[in-house]
Each structure stands twice: as structure tokens, then as C-alpha cells.
Amino acid sequence: MTTLIIFNLVNGLIIGAFYALMALGLSLILNLSGVINFAHGGFLAIGGYLAYTLGPYLGFWGALLVSPFLVAFIGVAIERVLIRRLYGRDPLYSLLLTFGLAFMIEDGTRFIWGAQSLPYQIPSSLSAPLSTSFFFLTGYRVFMLVLVAAVVIGLFFILNRTRLGLRIRAGTLDLETVSVLGVNTRVLRNLNFGLGIYLAGLAGVLAAGMLGLQPTIGDSLIMPSFISIIVGGLGSLPGTLAGGILIGAASGLTTVFFPSASEAVIYVIMAVVLIFRPRGLFGEEGRF
Amino acid sequence: MNGSDLNKQAANALIWVLLLTAPFWLVEIGGYVELGSRVLIYALAAMALNFLLGYTGVLSFGHAAYFGLGGYGTAMVIKFLYPSTPVAMLVGIVAGTLAAAAIGPLIARLRGVYFAMCTIAFGQVFYYIAFQWSSVTGGDDGLSAWQRQPINFGFATLDILNSNKAFYYFVLAVFAVCAGAMAFLLRSPFGRTLLAIRENERRARFLGIPVDRHIWMSWVISCLFVSVAGCLYALLSDFIDPRALRWDQSGNFVIMAVLGGMRSFWGPLIGAAIFLVLQDYISSHTENWMSFVGLFFVLIVLFFPRGVLGLIKRKHET
């Protein structure tokens, strides 16, 4: 029983790490630009598929390093050409635009890489279990958790210790003042969008190693990421992180006792949070 | 009565004449009667959404859930409980409306993107239930092997099962009742209050209007009519599956409203007609229909945000 609980808790934490990675990217973009990026799951899929294509040339590690940057580059380009035009308009329009992008990306990946699911090779050094009593603890899972933790620490370092991060945080609070102080907010939002998409691309490569690749790979991750943001509180990145891990762990634990409710429990958590704390666990009062 | 009122009356009359005669001219121009029924059903859904989106100014992206609840309610009653179309529709409508009424208080306090996100997330709950609970809902395969039942009025029977035209006129009758009810509500003091909230929520609050409660009521009314559309949708092809209540369906309703013109009563009808005719045409020519829908969304947002009627109105004014 203990092993079962630990197994599902670890599983939940890994899934939670994915949710958090996705949700942090979504949250960055939402906070600074007011855009709900529905195409986030699509960018995740592109990250995985690009790594699949690059893998034979660059190896696993090279693909892991390069693919997210390529995705971020695509994201930056899309922001420049399409999304930038909608800033300052009703959020309805950016939502519809990213909706359309999500359709196009899903269909595009299906067109390029095919509808059937593709296996994604991970190095044998990572796929072996670490110990016999905890057979489920493969090196890859531990590696993923460590990598996500490192990336999250890196992200918070950027946000708290660099000038870019300072500007992003300031812009989240009051973009107009930041602009008046001489910061080019167009470039700022552009870079910020790229940063958010980078996280999606990275999540895509990691997810490919665990789940394999299919055009709809992002679909099952996007809704929990939304809920992570709602539970954690809009406008708060630490909240988003906590929200992602919380719902991941909760759905993992629910699997032990009541497997069919593992999906439902995250919606229950969302409902409870909305009843007792509509701004989310770490959200600021009166922001939305 | 001034000129613009007269124009409005003429436009209304034209729309009703076109709708009443549709089964006859649709076939002449290469369409088919079922397409007409589908346009009416989606138009009702998009108009119901627009009650909230265009007239209350609240952004919902989760209406497919209540559409689907109406559809599943109808399908399940006819398949498992009692073979009567009106009873089944009633159950579907009650199911969709009750679900919306229960979720309403959780989200009525939220605004803007936050409201949109929560409606999407809550909408997906019903998708997962329909998808997972396969012993009752048929899971991914949906509910088939049932048929809409002829409607018995006592003195006469409307055979909506075997006659496409009869079904079209049945849909049109339901559509007319719902459209009339929505128009009546929008013209009432309640509807005017919703407009006031849309235009300036803070001022409405200062006037002592209980804003959250009005948004909740508008949400429930909107979901009620969308679940009526869902019932008709299930009856149209004697089939319902989880895709009817997925988030992309909600997106379709929103794009229809935007395409036709959110600020006009008939806008969503025109949007639905354009969208469905294009869908019908393109999906019979290519497998990559999804890319075209996506592109369609992007183009509308970038170049056509006011919609057809918005554009006409603007030209008229300048």
C-alpha cells in the first residue's frame, strides 16, 4: 500500500511538474499581455516533434537543448506578426486568434508528421529503473523532475535578479508606467512571449519521452494548466507553480483510492477554490 | 416611426420570409434541407451565446457544455426512458439549465479573461464525464441507435422522423419561440439593465444594480437557450457524441457570433449560415478542414472583427 501511494504520488508530482511548466508559460503571457494562449498545447507538440526530427542529427541531449529554442523562435515570430496587433483590444479577439492557431498547429503537425503516434527514444542511461524496490522510479522520471526544478529556479532567477525579469514583473503590475519610464514594451512583450513558449517547447520534449508523440499531445495538458493558474491565482507566478504541483499531486493520490475520479478531482479543487477564494490561493485582491 | 425603424421592420420581415421558405429555395440553389435545419440550430446556439457576449459583455468560452448537456439529456431519455420528443427535450433543457445555474454563482463574480478561463475549464468537466462514463453515455462513440419521435398534438401528428421538411419547420418553430423570447427579454427593463452593465459596469453598480446577480441571470438564460439548441442538434442526426460539448464547439459558437456581428440581434444567424455553408463546402473538398477553420478564425479576428452586420451598419452611418 505504501509503495502504491508513493508510486502514484511520484506520478502525480511528475504530471504536476508538466502542468506547472505549461502553466508558468501561459501565466507569463497572460500576466503581461492579457492573452490566453490557447495554442500553448500546440507549441508543446511542435517542441516534441522538432526534437523527434532533430534527434538523429543532434542526439537526445542536443535535441533537448535546441528544440525549445526553435519553438520559442516560432512563438516570437507569431507574436510579432499576429498577436501583437490585438493588444489593447477586447481579450475576446486574442482568444479567438489563439484558438485558430491551435487548430492550424494541430492540423499542421498531423500533415507533416502523420496522425499515428510516434515513439520517442530516450537514452538507455535514463530509462533504467534506479532501484528494484521502487521499480517505477526510472532515471528519466527523476531526470525530468530535476530538470523542471532547475528550469523553474532559473526562471525565477531571471524574474527576480535580471533587468529583463524586473521589467516583466513591473509590466505585469503597470505596463503603462514601465513604458513611460523608457522601456520598449513591444520588445518586452515579445521576449516575454518567447520565454513562455520556450517553457511549452521544453515541456513538449520531455512529454515526448514519457508519452510518445501524437498531434493532440497538448490537449490533455492544457486544461489542467488553466486550472493550475486559476487555483494558484491570476497574476502570481509562484501561485501558478504551487497550483500545478498541487493538482498534480492531488490527482495522483486520488488514483490510489478512486481511479476514475483522478480527472474530476482537479475540477473539484478548482470549484472549492473559486467558492472560498475567488482570486485563487496566491492571487492579489481586486486584480480581476 | 422613423426611417431606421422602418428598415429594421423590413429586415425582420425579410429574414422571416427567407427562413419560412428555405426548404424550397435551398434545394434549388444546390443545398439540402438538413443544412437549413443545421444553420437554424447553430444560429440559435450562437444567438443564445450572444445574449451573454454581445448584450451583457461577458465572455464565455464554455457554452458547448450546456449545448451538449441538452443533447445528451434528449438522447438518453429517448433511448433509455421514454420515446417522446417533447419530454426528452424538456429533460435536456432542464439538465443544461440546472448545471448552468449551479456553476453560475462560482463564476458570476469574475470578469474578462478570468471569466473566460473558468467557463472553459468548467465546460470541460462535462466533456470528461461524457467521455469517461461510457456505460451510460457511450463514451467516445457517443449515443446512437435511437430516433427522434413524431410529435403527437392530439388532433394531428407532425412526422418529424420521416420528413426532413417537417423537421425543419419544427426546428424553425422552436427557433422562433426562443428568438422571440430573447428579443422580448432584451427589450424589457431587465435587458436594458444588462446593456447598462455592458456599457459601464461601475456606473451600473453605483446605481444600485446588483451586477453579479444580473450576470448570473443572463448566464442562466443564455445557457437555457443554448441547451434548447443542443436538444435540436441531437435530434437532427439522431446522434450525439462528446465532440458536441468539447471546447472547440464553444469556439465555433463564438466565431459565429463575431462573424455575423456581436452587436446585432440577427448577427449570429448570419455568422452561422456563412460558417456552416463554408464548412459544408470545404470539408467535402479537403481533409485538412481544421487548418481552414483555424485560418478562418485568424482572418476574421484580424480583418473582420465587427462582423458582417457591424460592417454594414458602419457603412450605413458614414
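Note that the coordinates shown come from a computational prediction; the quantities given were computed from them, not determined experimentally.

Each value, and the rule that gives it
- Residues numbered from 1 in each chain as written.
- Chains lettered and ligands numbered in written order.
- Predicted model: local features only at pLDDT ≥ 70, side-chain atom pairs only at ≥ 80, totals over all residues.
- Contact = placed C-beta atoms within 7 Å.
- Helix = DSSP H or I, 4+ residues; strand = E, 2+ residues; numbered from the N terminus.
- Nonpolar A, V, L, I, M, F, W, Y, C, P; charged D, E, K, R; others polar.
- pLDDT = per-residue confidence, 0-100.
- Axes fitted to C-alpha atoms, helices over the stretch in contact; angles between N-to-C directions.
- Parallel < 35°, antiparallel > 145°, perpendicular 65-115°, else oblique.
- Left-handed = near helix turned anticlockwise from the far one by under 90°.
- Core = buried A, V, L, I, M, F, W, Y, C linked by C-beta atoms within 7 Å.
- Buried ≥ 20, exposed ≤ 12 C-beta atoms within 10 Å, placed from the backbone.

Draft legend 1. Looking closely at the interface of chain B and chain A. Opposite the 33 residues of chain B that make contact, chain A presents 35 residues. Going through the elements one at a time, α5 (112–132), α11 (247–260) and α13 (289–303) of chain B are the ones with two or more residues in the side of chain B that touches chain A. Considered class by class, the residues forming the side of chain B that touches chain A number 24 nonpolar, seven polar and two charged.

Draft legend 2. View of the confidence of the model for chain B. Scored by pLDDT, chain B comes out at a mean of 90, with 98% of its residues at no less than 70. Of the two predicted TM-score estimates for the complex, the pTM is 0.91 and the ipTM is 0.87.

Draft legend 3. Broad picture of the packing of helix α2 (residues 33–53) of chain B against α11(B). Residue and element names in this part refer to chain B. Orientation of α2 relative to α11, taken along the N-to-C sense of each, is 80°, at an axis distance of 9 Å. When the axis of α2 is compared with that of α11, the two are roughly perpendicular. On α11, the residues touching Tyr 42, Ala 45, Ala 46, Leu 49, Asn 50 and Leu 53 of α2 are Phe 253, Val 254, Met 256 and Ala 257. In terms of residue class, the contact of α2 with α11 is made up of nine nonpolar, one polar and no charged.

Draft legend 4. Looking closely at the packing of helix α8 (residues 189–199) of chain B against helix α10 (residues 211–237) of chain B. All names here are of chain B. Across the interface, α8 lies against α10 with an axial gap of 10 Å and an inter-helix angle of 115°. The crossing of α8 and α10 is left-handed. In contact with Thr 193, Leu 194 and Ile 197 of α8, α10 contributes Val 211, His 214, Ile 215 and Ser 218. A per-class count over the contact of α8 with α10 returns four nonpolar, three polar and no charged.

Draft legend 5. Just the nonpolar core, in detail. Residues and elements named next belong to chain B. Core analysis: the largest hydrophobic core is formed by 193 residues, its most contacted members being Leu 44, Ala 45 and Ala 229. Counting residues per element, this core draws most heavily on α10, which supplies 17 residues. When sequence neighbours within four positions are dropped, the list of residues in contact with Ala 45 reads Phe 67, Val 226, Ala 229 and Phe 253.

Draft legend 6. Inspection of the environment of A:Gly154 at higher detail. Residue and element names in this part refer to chain A. You can see Gly 154 is positioned in helix α5 (residues 139–161). Take Gly 154: there are 10 C-beta atoms within 10 Å of it, and that puts it in the exposed class. Between the alpha carbons of Gly 154 and Gly 204 there is a distance of 18 Å; along the sequence they are 50 residues apart.

Draft legend 7. Quick look at the confidence of the model for chain A. With 96% of its residues at a pLDDT of at least 70, chain A reaches an overall mean of 88. Per-element averaging of pLDDT across chain A places helix α4 (residues 124–127) of chain A at the bottom with 75 and helix α2 (residues 40–81) of chain A at the top with 93.

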